[in-house]
Every structure is written in structure tokens, then in C-alpha cells.
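# Observations on chain architecture
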Amino acid sequence: MPTRRSRRRSLRPLHKLTLVLALALPGVTLAQNSADFAACMQKLQPQAARAGISAQSFAQFTQGVVPDMSILEKLNYQPEFRQPIWDYLAGLVDDQRISEGRSNLSRHGEVLQRVSAQYGVDPATVVAVWGVESNFGQTQGKYPLVQALGTLSCYGRRQAYFQKEFFATLRILQSGDIQPQRLVGSWAGAFGHTQFMPSTFERLAVDFDGDGRRDLMDNSADALASTANFLAKGGWQTGQPWGFEVRLPAGINTAGEGRRNKKPISTWAARGITTVDGRPLDTVVSSTQKAGLLTPAGAAGPAFLVFRNFDVIYGYNAAESYALAIAHLSDRLRGAGPFATPWPTDDPGLSRAERVALQKRLLDRGHDIGEPDGLIGSKTREAIKTEQNRLGLTPDGRAGQKILRALQ
Ligand code: CA
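What counts, and at which threshold
- Residues numbered from 1 in each chain as written.
- Predicted model: local features only at pLDDT ≥ 70, side-chain atom pairs only at ≥ 80, totals over all residues.
- Heavy atoms only, no water.
- Donors = N, O, S within 2.8 Å, 3.2 Å for Na, K, Ca; no water.
- Tetrahedral: all angles 85-135°; square planar, octahedral: opposite > 155°, others 65-115°.
- Helix = DSSP H or I, 4+ residues; strand = E, 2+ residues; numbered from the N terminus.
- Buried < 20%, exposed > 50% of the residue type's maximum accessible area, 1.4 Å probe, protein only.
- Axes fitted to C-alpha atoms, helices over the stretch in contact; angles between N-to-C directions.
- Parallel < 35°, antiparallel > 145°, perpendicular 65-115°, else oblique.
- Left-handed = near helix turned anticlockwise from the far one by under 90°.
- Contact = heavy atoms within 4.5 Å.
- Nonpolar A, V, L, I, M, F, W, Y, C, P; charged D, E, K, R; others polar.
- Domains from an automatic or database assignment.
- Phe/Tyr/Trp six-rings, centres within 6.5 Å; stacked < 30°, edge-to-face > 60°.
- Lys NZ or Arg CZ within 6 Å of the ring centre and 35° of its normal.
- Core = buried A, V, L, I, M, F, W, Y, C linked by side-chain atoms within 4.5 Å.
- Polar contact = N/O pair within 3.5 Å; in protein donor to acceptor, adjacent residues only side chain to side chain.
- Salt bridge = Lys/Arg side-chain N within 4 Å of Asp/Glu carboxyl O.
- Pairing = 2+ DSSP bridges.

Summarising the metal site, the calcium ion is bound by the protein donors D207 (OD), D209 (OD), D211 (OD), R213 (O), D222 (OD) and D222 (OD), whose distances to it range over 2.3 to 3.0 Å. Taken together, the six donor atoms coordinating the calcium ion and their angles of 47 to 161° define a geometry best described as irregular. Sequence spacing of the donors to the calcium ion: D-x1-D-x1-D-x1-R-x8-D.

Here's what the structure looks like:
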């Protein structure tokens, strides 16, 4: 808990931030200090009561909460640097995550078998989601949820959406599933091993170990079963693959193709698509099954035929790169290798360990980039740019194999 003094100190620069945001963004509600926040909470209380939160619970769980205005900066953040998909996947599906995923598959084997039997989702898929969402429970976020969602309920864009999540948070606390001091997560409200939003928790979290609490913060059995339940409710087809990598014929036109535009395998076969080792598609999957053609980096990169289960993974977090990371990690956990077709780049991405190694090299060369944490932020990118300039490389600030090798 921050002391009263540190809270007060932290409010001064926030005041300025509010004004900056208000000038920069139409529709921002001006609320300049915690008194305004308290007034906002007071205004929300009757709505909370209609949403099933007793006056006593509301008072108890919102007492002493002050807004965290730094969250609005995150809400409005526009990344100036768009990560190529090969960087995204290199960080999410790296050797360390594959090896930790395999350990977890075996460590939680008994629970995963029971989860699989009950929900129809295989262990590797469940563990892959776990690994991408929270690094197997190790990265769950550090923002107190009541504070984060309370702030987003009173300031900034999408207040109506965040108010619903705020009320869900208070109901979770009221139900006793999770203790108030344990309920921390991302700045936007996703929390626990599964990184569910509070409303998702209410709909889909399950108490798998039978202790009477749905605990996605500290109970891996509840977390694994809740993940499987999410996928099952999303329409997971038991025993079906997410899809598989394919080989495209030269000159194929992939315009208009994608995850949603599903066609029978026979149609894809007729257009010259084969398995990566050149076999006809109907040797690995029924020719009547429908699949969409996914080419995340264009026809020159890896290509995939994806089935319904890929869409179900996509439903967890609506981004195709995200779904592909989980799908691929699940294959790797089952023993498969990397993609057969390389990404169309001469400068592949870095694993988390390589990102740390690169940051250490940059520190060695005197760049003040802080602790090497494997997260490539603006300081690291600036340092990379300086080194790229010195070495005669394209100064794009990107953390790739070329700059790592050049500095080793
Ligand atoms: Ca439980």
C-alpha cells in the first residue's frame, strides 16, 4: 500500500496529464483529483446496486481507492513501432516457453487429463493458452483491479464498457472467490493465470478443485479448467486440429483469402496447395472439411489452412497473430518443429533470452537502457538505432538477429 504521502506526491504530475489528455482528446471527462473520483464513485453506486452489489460491499471495496491516471496514458497509447509477426512469434514461442510448457504438461498431467475428459480440449492447447496469456501464471499483471477499472470507469474512452467490468470486479469480491488484496491484473482489467476480464470470469471461470472458490489467481487447476471451459463454450471441436502449415504453389493469388473465407480442402487441393512435404492434402485431412487460407506475411511467408478451432482460439483474444502463436505453441508442445517455410525476412526475430542478451550488449556499450528485462521499449530501440548507425546497418531500431550478431 502506498503511504498517504506518496499518493499525494504522485497526484501532482497526474493533474497535468489530465489536462494534456483533455486537450488532446475530445470527449475526455475532466476530473481533476481524487475528490472528483470520489464523486464519480458516488454516482456509480446506485448503478452498482442495480448490478447486484450491496451498498456495504460497494463501500467496503471502494473505500480509500484513488484513481491511477497513468492508466489513461496506456489506454490512449498509439504504438509508434509496429512489431512484425516474426518478432511477435519469436518472443512468444521461444525455446524457453516450449520447454516450460512441456514441463507443465507433465507436472499437471493428471489434472489436464481430467480437464480434457470433462471439457473436450486437449492438454497441449490448454497449456499453450496458459503459456501465452500469463507465462504459465508467472506474469499476471500488477495493477489493483478495483483501482484500474475504477479509473477507467470515470475517465477516458469506453467508460460504459469499463463500468460493466468494474461492477463485475466488485461482484467477484463480494462473492469471496478472490480476496481483495490478491485481485491484481493488467491495467485494462485482465487478471490471473487465464487473463480473463472480470465479466468473462463470471461467465466462464470454474472451481475445478472443489474448494468452493473459483480462484484464477493462485489455483492452477481452476485456471486450466477455466481455460478449457472458455474454449469449449466457444465451440471447440474435440479431437480436431486448429489447422496446419501448407505449401503454396508459385504464383497463387491469395487476395481475399483468410481465416473466415472457408472452402473445402478439395478446393484448396485443386489450386495446387499441398502439405509442406508436398503430399496431397487429402492424405492428412478429409477433402470435404472446410478451411481458410491464412498467410500472415503474404504468399512468400508461411501459409496455413485453418479450421474452426483456430477461430475458437481467436475468440480468446481477437488477433490472428495471437491465435497463431497459441496454435503453433500447442504444436511445439506436441513435439512438432518450427514452421517449414521461413518468414520473408533476412533478419529474423529474437527469443526472450536473445532480447536480454542484446540489452546486455547495449549496456556494455554504455547505453542507459535500465535493467535488461527482455522488453524492447523506446530506450532500447533508441540505443539499437545508435548502434545500427555506427555499424552501417539500417537504423530502424528493431531488435533482430542482425544487430544481436553484430554486437556479439
Ligand atoms: Ca477452487
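Before going further, it helps to spend a moment on unusual backbone geometry. Backbone geometry places R158, a non-glycine residue, at a positive phi of 60°. The topology assignment puts R158 in the loop between α9 (145-154) and α10 (159-175). The partly exposed category is assigned to R158, whose relative accessible area is 49%. One non-glycine residue, Q195, lies in positive phi territory at about 50°. Mapped onto the secondary structure, Q195 falls in the loop between β2 (184-185) and α11 (198-204).

The subject of this paragraph is the packing of helix α6 (residues 95-107) against helix α8 (residues 123-134). At a minimum axis distance of 10 Å, the contact between α6 and α8 shows a crossing angle of 130°. Judged by the inter-axis angle, α6 sits oblique to α8. The interaxial crossing formed by α6 with α8 has right-handed handedness. Taking contact as the criterion, the partners of R97, G101, N104 and L105 in α6 are, on α8, P123, A124, V127, W130, G131 and V132. Of the residues in the contact of α6 with α8, the class split is six nonpolar, three polar and one charged.

Domain assignment breaks the chain into domain 1 (13-77 + 141-191), domain 2 (243-306) and domain 3 (352-407). Put simply, the middle of domain 2 and the middle of domain 3, counted by C-alpha atoms, are 37 Å apart.

A few words on the packing of aromatic side chains. By the definition in use, this model includes 15 aromatic pairs. One aromatic cluster is present, built from ring pairs that chain together W86, W242, F304, F310, F339 and W343. A cation over a ring is seen here: R158 above Y161, with NZ or CZ 4.3 Å from the ring centre. Over the ring of Y314 we find R259, and its NZ or CZ is 3.6 Å from the ring centre.

If you look at the biggest cluster of nonpolar residues, it comprises 85 residues, and the most contacted ones within it are F166 and L324. A per-element tally of this core places helix α15 (residues 320-333) first, with eight residues. Those residues in contact with F166, other than ones at most four positions away along the chain, are M41, L44, F58, T62, V146, L149, G150 and S153. Ranked by size, the runner-up nonpolar core spans 14 residues in total, among them V246, L248, A291 and L293.

We now examine the environment of D122. By the secondary structure assignment, D122 is in the loop between α7 (109-119) and α8. On a C-alpha basis, the gap between D122 and G212 in space is 25 Å, while along the polypeptide they are 90 residues apart. In this structure D122 touches S116, W236 and R334, once residues within four positions along its chain are discounted. Here T125 takes part through its side chain, which lies 2.8 Å from a polar atom of the side chain of D122.

Under the counting rule described, the total for this entry stands at 21 salt bridges. As a salt-bridge pair, E387 and R365 come within 2.9 Å of each other at their nearest N and O atoms. In this pair, E387 is assigned in helix α17 (residues 378-391) and R365 in the loop between α16 (352-364) and α17, connecting sequence segments 22 residues apart. The class for E387 is buried, based on a relative accessible area of 3%. The class of R365 is partly exposed, set by a relative accessible area of 42%.

As a further point, take the sheet that holds strand β6 (residues 290-294). With antiparallel pairing, five strands are arranged side by side in an open sheet as β4-β6-β7-β3-β5. The sheet is open, and its two edges are formed by β4 (263-264) and β5 (274-275), each paired on a single side. In terms of strand pairing, strand β3 (residues 243-247) meets β5 through two bridges, oriented antiparallel. Within the sheet, the bridge partner assigned to V246 lies in β5 and is T275.

A two-sided burial pattern is seen for strand β7 (residues 303-306), the buried positions comprising A303 and L305 on one face and F304 and V306 on the other. Sheet topology note: the β3/β7 ladder contains four bridges and is antiparallel. Along β7, the bridge assignment pairs G243 with V306. Relative to β7, β6 runs antiparallel, the two being bridged by three bridges. Opposite L293, over in β7, you have L305 as the bridge partner.

Our next topic: the packing of helix α2 (residues 34-50) against α10. Where α2 contacts α10, the two axes come as close as 11 Å, and the packing angle between them is 70°. With respect to each other, α2 and α10 are oriented roughly perpendicular. Judged by the sense of rotation from one axis to the other, the crossing of α2 with α10 is right-handed. Residues M41, L44, Q47 and A48 of α2 lie in contact with α10, whose contacting residues are Q163, F166 and F167. Grouping the constituent residues of the contact of α2 with α10 by class yields five nonpolar, two polar and no charged.

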